[in-house]
Amino acid sequence: MSSDKPRCHCAVFGVFGSPAAAQLTYFGLIAQQHRGQEASGIVTAEFDDTLGRARFHWHKDFGLVDDVYKDSRIMADVLKGQSAIGHNRYSTAGASDNKANIQPFTVHYRDGNIAIAHNGNLTNFRQIRTDLEQKGTIFQTTSDTEVILHLIARSSRTDQIDQIAEALALVRGAFSIVIMTDDKLIAARDNAGFRPLAIGRNWKAFVIASETVAFDIIDAEYIRDVAPGEIVIIDAESLETGEVHSRRITADPPDPHHCIFEYVYFSRPDSQIFGHSVDKVRRRLGKNLARTAPVTPKNPDDKVIVINVPDSSNTATMGYVQQMQKDGRNARMEIGLIRSHYIGRTFIQPRQEIRQNKVKTKFNPVKGVLKDRVVVVVDDSIVRGTTSKQLVQLIRQAEPKEVHFRVSSPPITHPCYYGMDFPTPSELIANQCGGDVAKIAEELGVDSLAYLTVDELIASAPQEQGQHYCTACFSGRYPVDIEAGQLKEENEP
Ligand code: SF4
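What comes next is a walk through the structure. All residue numbers refer to position in the chain's written sequence, counted from 1. Given that the model is predicted, a residue must reach a pLDDT of at least 70 before its local features are reported, and side-chain atom pairs must reach 80 or more before they are shown or counted; all residues, however, enter totals for whole chains, interfaces and linings. By convention in this description, side-chain values take in all heavy atoms of the structure and omit both hydrogens and water.

## What about the overall build of the chain?
Point 1. Looking only at helices and strands, the chain has 18 helices and 24 strands in total.
Point 2. Our radius of gyration looks at C-alpha atoms and nothing else; its globule reference is 2.2 Å times the residue count to the power 0.38. Since a compact globule built from 493 residues should have a radius of gyration of about 23 Å, the 23 Å found for the chain is in line with a globular shape.
Point 3. Counting every position in the chain, which comprises 493 residues, the buried fraction comes to 59%.
Point 4. We call two residues in contact whenever any of their non-hydrogen atoms come within 4.5 Å of each other. Of the contacts made within the chain by residues no fewer than 6 positions apart, 72% connect residues no fewer than 24 positions apart.
Point 5. This count recognises Lys and Arg as positive and Asp and Glu as negative, with His and chain-terminal groups excluded. A charge is said to be at NZ when it belongs to Lys, at CZ for Arg, at CG for Asp and at CD for Glu. If you average the places of the 56 positive and of the 62 negative side-chain charges in the chain, the two averages end up 5 Å apart. Comment: elements are numbered from the N terminus, with helices defined as DSSP H or I runs of at least four residues and strands as E runs of at least two. Burial classes follow relative accessibility: with a 1.4 Å probe on protein chains only, a residue under 20% of its type's maximum area counts as buried, one over 50% as exposed, and anything between as partly exposed.

This is the structure in structure tokens:
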């Protein structure tokens, strides 16, 4: 993963019907660490015959998954039960320093225990929260997810799945969620299906995950995605029949607008999301970039060296080089930048000058590879441009003949309201340069710069009947309305 990237959403995971529910969840969260490094939590359900319902147990804390559960007693003595849900967080709604905001959230209400973990961002939660507060609801957290729990608890319906459907019909925006009750595991996805959510099986047990990479680590089989607007219910009967129960949140037909940035950067290349291999799509992004923006050296005898920005642009770079070679161009891929894995993520540093220092310590150019070469740097996206500029300066120190920059997505110009945390619009380099690519190239200090266009990006992604993508951060076209109180100001500090 290169630096100066939008902050990832969150990861969710769920298990039903395994004696090792907590352990499976732990591994599922480890595999999805890239989707959230700030905090992690697991809640388990242990059925208690004397109570006639489950006891819920949980452990949550700030930090990486390995750190949060490092005490072996947590798995052995605390997180008991046959069902579990888990969450890795990078907060996109709600204060990040409040431990109460670490998911999964749990409540005990008139119909039993319920726990929820959410990936995405609700676009109308402020209004719902205000309404609920006026009716006397007391919130424990500042997270948008908590409104779903209160809506479930306040529902007048008697059936718990009806209560959940009623609550989910009221919220807007992006949600891929797992909910655990005393005797069920429930997975649901908003009608646009912004974020991925997959169903798998590990022996008899059912598992749910944001990305299928979480299934590979526990040898689970990927069955299918939770469809946009679908509620999937897994219960004791599912374990016997091997079938999940399914219903719609509302009678509305699905209106898919999958987040295209999942293919560009967020998801791991070894995952399948929205029913397709991320690796294949990312490679196609690189190939199309080479078709539309190949690099021709000023001197035709010079060989072109194409380098990746580790690790997020590795796959797109391979696609770019393959296409260049296919088109008969004298190009080859080299490892020109070495990334230190022991340096903290750059965006944790709030101040610009500190961030710049960290970029230097995170990447080091391989001088022998770059000296006197025509170098093409392929990256998946440019946000502020801070890292890209710094990288170009580092590469220039190795004395290449030319430095060209290619980006396998369009310029980022707008904020995301569906679960991704971009800097404010005025901090985005594309906006600072008025959308003028030549000006951005000048700012970065490169001989040439090219991006994919929005149309080229969409054309690189799988095309299916009725399939649409969200491209709002590139195009400003938001497929689901944003409530007025949540709109970000163009000149937000
Ligand atoms: S605005 Fe961008 S990051 Fe957000 S859902 Fe749409 S494509 Fe994804």
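## Section: the site of the ligand
Point 1. Each residue is tested against the molecule or strand, and it is near if at least one of its non-hydrogen atoms lies within 4 Å. Near the ligand the following residues occur: Arg195, Cys259, Ile260, Phe261, Phe266, Cys416, Tyr418, Phe422, Cys470, Ala472 and Cys473.
Point 2. Elements with a minimum of two residues in the shell around the ligand: α9 (261–266) and α18 (472–475).
Point 3. Ten residues, namely Ala, Val, Leu, Ile, Met, Phe, Trp, Tyr, Cys and Pro, are considered nonpolar, four, namely Asp, Glu, Lys and Arg, are considered charged, and the remaining ones, Gly among them, are considered polar. Residues that form the shell around the ligand fall into these classes: ten nonpolar, no polar and one charged.

## Here's the deal with the sheet that holds strand β5 (residues 105–109)
Point 1. Pairing between two strands is assigned when DSSP locates at least 2 bridges connecting them. As summarised here, the arrangement of the six strands in space is β5-β6-β7-β8-β12-β13, forming an open sheet in which the pairing is antiparallel. Of all strands in the sheet, those with a lone pairing partner are β5 and β13 (245–248), marking the two edges. Mean inter-strand twist for the sheet, computed between neighbouring axes without regard to direction, equals 20°.
Point 2. Only C-alpha atoms enter the line fits that serve as axes; for helices the fit covers just the stretch in contact. Angles between N-to-C directions range over 0 to 180 degrees. Each of β5, β6 (112–119) and β7 (176–181) is contacted by helix α5 (residues 146–154), which is oriented at about 15° to β5, the strand it contacts most.

## Examining the pattern of salt bridges
Point 1. Take a side-chain nitrogen of Lys or Arg and a carboxyl oxygen of Asp or Glu: if they are within 4 Å of each other, that pair is a salt bridge. Tallied over the full model, the rule gives 24 salt bridges.
Point 2. One salt bridge connects Asp447 with Lys298, and the closest N-O pair in it is separated by 3.7 Å. Placement of the pair is Asp447 in the loop between α16 (437–444) and β23 (448–451) and Lys298 in the loop between α10 (278–292) and β17 (304–308), with a sequence separation of 149 residues.
Point 3. Since its relative accessible area comes to 34%, Asp447 is described here as partly exposed.
Point 4. In the salt-bridge network here, residues are joined through shared partners; they are Arg35, Arg195, Glu211 and Glu262.

## A short note on the nonpolar core
Point 1. With 47 residues, the main nonpolar core has Phe261, Tyr263, Val306, Tyr320, Ile412, Tyr418 and Phe474 as its most contacted residues.
Point 2. Elements represented by at least two residues in this core include exactly α9, α10, β17, α11 (314–326), β21 (374–379), α17 (454–460), β24 (469–470) and α18. Among the buried residues, those of types Ala, Val, Leu, Ile, Met, Phe, Trp, Tyr and Cys that are joined through side-chain atoms within 4.5 Å form a nonpolar core.

## What about unusual backbone geometry?
Point 1. Geometrically, the link from Gln103 to Pro104 is a cis peptide bond, its omega value of 0° lying close to zero.
Point 2. Inspection of the secondary structure puts Pro104 in the loop between β4 (83–89) and β5.
Point 3. The omega angle of the peptide bond from Pro310 to Asp311 is -5°, so this bond is cis rather than trans.
Point 4. Looking at where Asp311 falls in the secondary structure, it is placed in the loop between β17 and α11.
Point 5. In the Ramachandran plot, Trp203 falls in the positive-phi region, its phi being about 55° despite a non-glycine side chain.
Point 6. Secondary-structure assignment places Trp203 in the loop between β9 (198–202) and β10 (205–209).
Point 7. Given the relative accessible area of 80%, Trp203 is considered exposed.

## Considerations on the packing of helix α4 (residues 125–134) against α5
Point 1. One way to put it is that α4 packs onto α5 with a least axis distance of 10 Å and a crossing angle of 45°. If you check the angle between α4 and α5, you find them oblique. For the pair α4 and α5, the sense of crossing is left-handed. Judged by residue contacts, Phe125, Ile128, Arg129 and Leu132 of α4 engage Val147, His150, Leu151 and Arg154 from α5.
Point 2. Looking at side-chain class alone, the contact of α4 with α5 contains five nonpolar, one polar and two charged residues. By definition in this entry, angles of less than 35 degrees are roughly parallel, angles greater than 145 are roughly antiparallel, angles of 65 to 115 are roughly perpendicular, and the rest are oblique. Take the far helix as your reference; a near helix turned counterclockwise from it by less than a right angle gives a left-handed crossing, and one turned clockwise gives a right-handed crossing.

## Focus on the environment of Leu452
Point 1. The topology assignment puts Leu452 in the loop between β23 and α17.
Point 2. When near neighbours in sequence (up to four residues on either side) are disregarded, Leu452 contacts Leu285, Asn288, Leu289, Thr292, Val407, Ser408, Ser409, Pro410, Pro411, Leu457 and Ser460.

## Comments concerning the pairing of β23
Point 1. With burial as the criterion, each face of β23 is covered, one bearing Ser448 and Ala450 and the other bearing Leu449 and Tyr451.
Point 2. As paired strands, strand β22 (residues 402–407) and β23 are joined by four bridges and run parallel to one another. Residue pairing across strands places Val407 opposite Tyr451, the latter belonging to β23.

## What to know about the pairing of strand β8 (residues 185–189)
Point 1. A large share of β8 lies buried, amounting to five of its five residues.
Point 2. Neither face of β8 is exposed, since Leu185, Ala187 and Arg189 on one face and Ile186 and Ala188 on the opposite face are all buried.
Point 3. Here β7 hands over to β8 after three residues, the two strands then running antiparallel side by side.

## Observations regarding the packing of α10 against α11
Point 1. For the pair α10 and α11, interaxial distance at closest approach is 7 Å and the crossing angle is 45°. Judged on the interaxial angle alone, α11 and α10 are oblique. Note that α10 runs across α11; the crossing there is right-handed. From α10, Asp279, Arg282, Arg283, Gly286, Lys287, Leu289, Ala290 and Arg291 reach across to α11, where they touch Thr315, Ala316, Met318, Gly319, Tyr320, Gln322, Gln323 and Met324.

## Points about the side chain of Arg35
Point 1. Residue placement: Arg35 occurs in the loop between α1 (21–31) and β2 (39–48).
Point 2. The exposure class assigned to Arg35 is buried, which follows from its relative accessible area of 0%.

## Notes on α11
Point 1. Compared with the 18 Å implied by 1.5 Å per residue over 13 residues, the 19 Å span of α11 between its first and last C-alpha is a close match.
Point 2. Inspection of α11 places Thr315, Ala316, Thr317, Gly319, Tyr320, Val321, Gln323 and Met324 among the buried residues, and these make up the whole buried set.
Point 3. A positive backbone phi angle near 80° is found at Gly328, which sits one or two residues after α11. Given the number of residues in a helix, its expected span is that number minus one, multiplied by 1.5 Å.

## A look at the sheet that holds β22
Point 1. Strands sit in the order β18-β17-β21-β22-β23 across an open sheet of five strands; the sheet is parallel. Only two strands of the sheet have a single neighbouring strand rather than two, namely β18 (331–334) and β23. Shown here is a sheet whose adjacent strand axes are inclined to one another by a mean of 25°, direction ignored.
Point 2. As paired elements, β17 and β21 share five bridges and run parallel to each other. Bridge pairing in β21 places Ile307 opposite Val377.
Point 3. Along the sheet, helix α14 (residues 386–397) contacts β17, β21 and β22; its crossing angle with β22, the most-contacted strand, is approximately 150°.

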